[in-house]
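Notes for the structure review
Chain residues, written in single-letter form:
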Amino acid sequence: MRLQLLVCSRSASGKKCDFALQFHDVSIGWNLLVESVKRQLIQILHLRREDSFAFYYIDDEDDAVKINSDLEWREALRVSGEEQMGALVMHLEARLKDTRSIGRSSCCGESPSTCCPGPKTDFDDVTPPPKVVNPTADEYKYSGDALMAATFPLGALGGGCISVAGDGGLRQWQVCNSINHKAHVPDSFFAIRVGSGTSSTAAVLMSPALYNKQGFKPAYRVTDHVIPQASKDLLAALPGIETIEITAKFPTVEIDYTSPDIPVQIHAEAFSPSIPLDSKDSGLPVIIFNYTVTNPTTSTVEVSLLGSLQNIAGWDGMKVIANEVEESAYGGNTNIVIPKTAGYTALDMMNPSLPATDSQNGHVSLAVLHDTGDVVGATPQYDAVKDLWASFSKTGKLPAGSTGPSPAGKTWNGALSLTKAVGPKKAETFTFLLAWHFPHRYVNWRQTQFGIKDEKTHFYLGNQYATFWPTIEKVLDYAVTNVVALASRTRAFRDAMFNSTLPWQLIDSAAGRVSVLNSPTCMWHGDGNFYAFEGCGGGGGEITGGCCPLNCTHVWNYEFTLSRLWPDLERTMRAIDLQEQLSPNAIIPSRTTVPLELRRQWTFWPDYTEIDPSSRMICVDGEIGTVNKTYREVLQGAPKEWFDQQWHQVKKVMKRWMDELDDGAGVIRGAQPNTYDCAIYGVNTFIGTQYLCALRAAEEMAKLQGDTASASAYHDRFAMGSEALEKLCFTNGKYYTQVVDPTHAVDIMGDGTHADALMGWWWARALNLGDILPIDHVKSSLQATFTQNHVTEFDPKMQSPRPFFDQRDAGMFIERWPDGKVPTNAVRYSSEGAWTGLEYPFAAQCLYAGLNDVFLQVLTEARAKYDGTRRSPWNEIECGDHYSRPMSALQLFEVASGITWSFVSVLNVKAVAVNLSFAPRLTFTNYRGFFILATCYGQYVQIGDANLASGTAQVSVTEGDLVLNRLQIKSTASAATATVSHKPVEAKVSQNEGVLTLAFTAPVTVHASEAITINIG
């Protein structure tokens, strides 16, 4: 068969070329083909013969895959070649290596769905940049250079967000059903005025201190440091604050403003409701701003706070808004004051001229709370900030503004002010709310790779918050009515995590990743189900839209945050995997098509069952991980009815693996497509341990279901597989390696140390399934991996295909080899710096294994990479911003506390009781840390001697109810007493091998704000 090769490329200057080459035989070797293509490129683009190229093809998942060898070329032809008129047609992209256009295709396959593009900055200058650190990161404080890239996302759980930036302003407006990391809305800010008459001073509550920073070099693939031109224009026209300091403990951010011209102290708190186990209130589309003004003088001062907001109804969230209020989609925008008799005043901003169900037909609102005696001002509509400022700064009052709908191509801004008299040495709080309501979400990404070729129909999705609160006014009414409770409950969540004796690196890593759920990565659709991209855009903001849709099973294999904090939403993802996505032959496609009414991807396969087993459309780690995640949800208190529904589907998955993928001895040898965007062949611990964990998880689920035959079969296969995997892969006495299949020697891990090699062992420990491999070999392997993969400084030139880090960063490579040389057929991404989504599970494994020093160093270096000086601490990237894989970090709280639990039914007790155990691995003699169960969350505290032979232990409940059947504590004591609210509780106390057990005579209920205290010894 003939080969027709369609080649595209670009020169370093951006000149594009396309040409075709014909070859008589499709079996032409890779090296000969490369020489033919290179000759044409040199001639067309006027290049030098010494110029070198990298060659890529677009695979079946729309990713650009690099070709290095004959084997990979044959794979490319198989995956991407198309037969047309007796020829095999193949598209190929040639990239000049020096241009570093690495990651996703920049020529072939240009489309909104293309993700993982190259770096967003010119990195030809490889001069090591000066290293700047945040000296107060351990206090969660950011000032000076540490504000350069700080962006703190606030918003609804799966319902859009806006970020508070390092200048104190609002950026990254992603609330109108679109994703654009650089989206900015002008004239939306807060300001203060102090004094009266000619003695007053006023300033916008933003600082331009870093706007002209000299010598700053951004990190690769991020844009959080980019300052919107509208912000620069605002502070060029109006006075700002000299300096600010941010204290950020997700889910709250606090800002202290300092300026010699302002004679009061200004402290702001901003948050969106974030309340574990209460998904509804956490999904409220509102940001609450509390500005506390303290008067340090001996005289009463008049203080006015101003809030300004632009009406963005009609804006697509993509285009740049020019000249304050100009954008082509604007026109007909109207702002009105919502008539309220008491409590608050609000502006409702809308566009009645838009089609009723248009995606951008929504409302935004600015509201201010007030008491008797407060003075409220309102300018419903204005279009020039200088006119607003002229009145506010001089008089403290707001102008009347404009009337009627906005003209074509323009919108209105609106403003509210609140004036209070602040007494000497007194403080007053000014509370503003920023709310949004865009109910009509549609699919705005391509799904052609899933078989949905119709790109003209707008498939409706909706937003769940609109189900709870059908109008913007209902959002405001609910927020205002419950503002005190929402604030106290959100702060309580923060304090339960941060008021701790654990290392700050652990706390910040775990708590900060909750922010991903508020980012546009995640969506809570109108059907009640939770959905997510892998990340936002392409890892730098220049590519808009979601990265790699949707509900990616293998990337979300690492996530623990949603499953712990809002398990009801995590269960919707499992139900989709097992009830909607599972094919007739028990294959789970890696990605979900929405809405669910559309055909599933497997319905396009021949006979609904035939698909290439190496296709990354069916990544096996995500599929077998679904079994492990299902057991996690069961442990987290999933209702029995839900468990019963999923169990039958889980058994189908396990049967396929045991009958078709397993070689009969408990190991997997064939094609193993996976999260590294390739198919691994041969026995390896990355897939092997995940399968072993699934066998154990399925065994435990079978026991809960009373299915003893299945439980026995799973157990026996696990025992065989564990022994076989150990024998095959632990052969060098130091660490686990891959048994390479010589017939498929591509994408190999080989004898390298891979950071993800023990993924399934981590899962087994997280599910309290015990050690699926010998702990001494696991510990040795982890230590060897860290030693061999770690560098104190990254060289960007040594990272491929995507350089994430530079000389300012320390950390691990994903994989390294004993001789220091990277095989040409190495597994994809092995030469990239390890993503934090891998570092967190690796750190957890080290802590499980007793490698505490390695654990802490990994987390310390992760936090140093994301300390605000060049990357945002709340935007950890991979293939996209706000990447979902790092949500593995919340599980670190569990590893540290040594918590395990099981729910049990007890006669005459309505609530489900729990057998609970703690065995802290850190700060043992003075431990205080966060815990969460299905029914409550709070803190576990213990203080005592080295073995806790004497001391106290306490389980305090912040919210929910804890019904305790049994409590176990790591302690050598034999005696203990228990009290709840100072009342004694009867329990049978016993000691066994260093574990103190209190079996309560009757289940003990600990309510919110209560604690059970154990006096030991």
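Quick notes on the rules
- Residues numbered from 1 in each chain as written.
- Predicted model: local features only at pLDDT ≥ 70, side-chain atom pairs only at ≥ 80, totals over all residues.
- Heavy atoms only, no water.
- Helix = DSSP H or I, 4+ residues; strand = E, 2+ residues; numbered from the N terminus.
- Rg over C-alpha atoms; globule rule 2.2 N^0.38 Å.
- Buried < 20%, exposed > 50% of the residue type's maximum accessible area, 1.4 Å probe, protein only.
- Pairing = 2+ DSSP bridges.
- Axes fitted to C-alpha atoms, helices over the stretch in contact; angles between N-to-C directions.
- Left-handed = near helix turned anticlockwise from the far one by under 90°.
- Contact = heavy atoms within 4.5 Å.
- Nonpolar A, V, L, I, M, F, W, Y, C, P; charged D, E, K, R; others polar.
- pLDDT = per-residue confidence, 0-100.
- Phe/Tyr/Trp six-rings, centres within 6.5 Å; stacked < 30°, edge-to-face > 60°.
- Expected span 1.5 Å × (residues − 1).
- Bend = angle between axes of the 7 residues up to and from the residue.
- Disulfide = S-S within 2.5 Å.
- Salt bridge = Lys/Arg side-chain N within 4 Å of Asp/Glu carboxyl O.

Structural notes on the overall build of the protein chain
Helix and strand counts for the protein chain stand at 20 helices and 44 strands. For 1017 residues, the compact-globule formula gives about 31 Å, and the C-alpha radius of gyration of the protein chain, at 29 Å, lands near that figure. Principal axes of the C-alpha set define a box for the protein chain whose edges measure 85 × 85 × 50 Å. Put simply, the protein chain has 1017 residues, and 64% of those count as buried.

Observations concerning the sheet that holds strand 34 (residues 900–904)
With respect to topology, five strands assemble into an open sheet ordered 34-35-39-43-42, the strand pairing being mixed. The open sheet has two edge strands with one neighbour each: strand 34 and strand 42 (987–992). Across this sheet, the average inter-strand angle for adjacent strands is 15 degrees, counted without regard to direction. Note: strand 34 against strand 35 (residues 913–918), five bridges, orientation antiparallel. Residue Val904 lies in a different strand from strand 35, and its bridge partner there is Ala913.

Focus on the pairing of strand 39 (residues 962–970)
For strand 35 and strand 39, the ladder comprises five bridges, and the chain directions are parallel. Among the inter-strand pairings, Val914 is bridged to a residue of strand 39, identified as Leu964. Of the strand pairs in this sheet, strand 39 and strand 43 (residues 995–1006) are connected by eight bridges, and their pairing is antiparallel. Within strand 43, the residue paired with Arg966 across the bridge is Ala999.

Observations concerning the packing of helix 16 (residues 759–766) against helix 18 (residues 836–848)
Packed helices, taken two at a time, are described by the angle between their axes plus the distance between the axes. Here helix 16 crosses helix 18 at 60 degrees, and the two axes come no closer than 10 Å. By crossing handedness, the relation of helix 16 to helix 18 is classed as left-handed. Seen from helix 16, the contacting residues are Trp761, Trp762, Arg765 and Ala766; seen from helix 18, they are Pro841, Ala844, Gln845 and Tyr848.

Here's the deal with the packing of helix 12 (residues 620–635) against helix 13 (residues 640–661)
Running from N to C, helix 12 and helix 13 cross one another at 145 degrees; their axes reach a closest spacing of 10 Å. The handedness of the crossing between helix 12 and helix 13 comes out as left-handed. Contacts between helix 12 and helix 13 pair Val620, Glu623, Ile624, Val627, Thr630, Glu633 and Val634 from the former with Trp642, Phe643, Gln646, Val650, Val653, Met654, Arg656, Trp657 and Leu661 from the latter. Taken together, the residues of the contact of helix 12 with helix 13 break down into eleven nonpolar, two polar and three charged.

Things to note about the environment of Leu71
Here Leu71 shows up in helix 2 (residues 70–80). A residue is classified by how much of its surface remains accessible, and Leu71, at 44% relative accessible area, is partly exposed. Remark: the alpha-carbon pair of Leu71 and Asp454, spanning 383 residues in sequence, is separated by 35 Å.

Side note on the confidence of the model for the protein chain
Confidence in the prediction for the protein chain averages 93 pLDDT; 95% of positions are at 70 or higher. Note on residues 117–123: pLDDT is under 50 here. Beyond four places in sequence and across chains, it has 21 contacts.

Describing the pairing of strand 14 (residues 252–258)
The sheet contact formed by strand 13 (residues 243–249) and strand 14 spans seven bridges and is antiparallel. Pairing of Ile246 across the sheet is with Ile255, part of strand 14. Counted between consecutive antiparallel strands, the loop separating strand 13 from strand 14 contains two residues. Bridge count between strand 14 and strand 15 (residues 265–271): six bridges; the pairing is antiparallel. The partner of Ile255 across the bridge, within strand 15, is Ala268.

Overview of the sheet that holds strand 10 (residues 170–174)
Strand order in the open sheet made by the three strands is 8-9-10, with antiparallel pairing throughout. Single-partner strands in this sheet number two, and they are strand 8 (151–155) and strand 10. The sheet shows a mean angle of 25 degrees between the axes of neighbouring strands, direction not considered. As paired elements, strand 9 (residues 161–165) and strand 10 share three bridges and run antiparallel to each other. Across the sheet, Cys161 pairs through a bridge with Gln174, a residue of strand 10.

What to know about the packing of aromatic side chains
In this structure the tally under the stated criterion is 38 aromatic pairs. Look at Phe190 and Phe289: their rings are 4.8 Å apart centre to centre, the planes differ by 50 degrees, and that puts the pair in the tilted class. Remark: Phe289 occurs in strand 16 (residues 286–294) and Phe190 occurs in strand 11 (residues 189–194); sequence separation between them is 99 residues. Taken individually, Phe190 and Phe289 each receive the classification buried, so the pair is uniform in this respect. Taking 5.1 Å as the distance between ring centres and 35 degrees as the angle between the ring planes, the aromatic pair formed by Phe794 and Phe805 counts as tilted. Pair noted here: Phe794 is in the loop between strand 31 (790–791) and strand 32 (811–812) and Phe805 is in the loop between strand 31 and strand 32, with a separation of eleven residues, a long-range link. For Phe794, a relative accessible area of 1% gives the class buried.

Remarks on helix 13
Look at helix 13: 30 Å from first C-alpha to last across 22 residues, which is about the 32 Å you get at 1.5 Å a residue. Trp647 marks where helix 13 bends most, by close to 30 degrees. When helix 13 is considered as a whole, its buried residues turn out to be Trp642, Phe643, Gln646, Trp647, Gln649, Val650, Val653, Met654, Arg656, Trp657, Met658 and Leu661. Buried residues along helix 13 sit in contact with helix 11 (567–581), helix 12, helix 14 (685–705) and helix 15 (708–729).

Re unusual backbone geometry
Cis geometry is found at the peptide bond from Phe250 to Pro251, where omega equals 20 degrees. With respect to the helices and strands, the residue Pro251 is situated in the loop between strand 13 and strand 14. Cis rather than trans, the peptide bond between Pro549 and Leu550 has omega equal to -10 degrees. Although it is not a glycine, Gln172 adopts a positive phi angle of roughly 50 degrees. Residue placement: Gln172 occurs in strand 10.

What about the state of the cysteines?
According to the stated counting rule, one finds zero disulfides in the structure shown. Distance from the sulfur of Cys619, which forms no disulfide, to the nearest cysteine sulfur (Cys552) is 6.6 Å. The cysteine Cys729 is free of any disulfide, with Cys678 supplying the nearest cysteine sulfur at 16 Å.

Structural notes on helix 16
For helix 16, the tally of buried residues reaches eight of eight residues, placing the bulk of the element in the interior. Within helix 16 the residues assigned to the buried category are Met759, Gly760, Trp761, Trp762, Trp763, Ala764, Arg765 and Ala766. Contacts made by the buried residues of helix 16 are with helix 10 (561–565), helix 12, helix 14, helix 17 (775–789), helix 18 and helix 20 (891–897). Positive backbone phi, at 55 degrees, marks Asn768, one or two positions downstream of helix 16.

Some remarks on the pattern of salt bridges
As enumerated under the stated definition, the model contains 44 salt bridges in all. Residue Asp316 pairs with Lys319 through a salt bridge whose shortest N-O separation is 2.8 Å. A relative accessible area of 19% places Asp316 in the buried class. Ionic pairing is found between Arg696 and Glu699, a salt bridge with its closest N-O pair at 3.1 Å. You can see Arg696 and its partner Glu699 sitting in helix 14, three residues apart, about one turn around the helix. By relative accessible area, Arg696 is classed as buried at 13%. Through salt bridges that share partners, Glu570, Arg574, Asp577, Arg632 and Glu633 make up one connected network.

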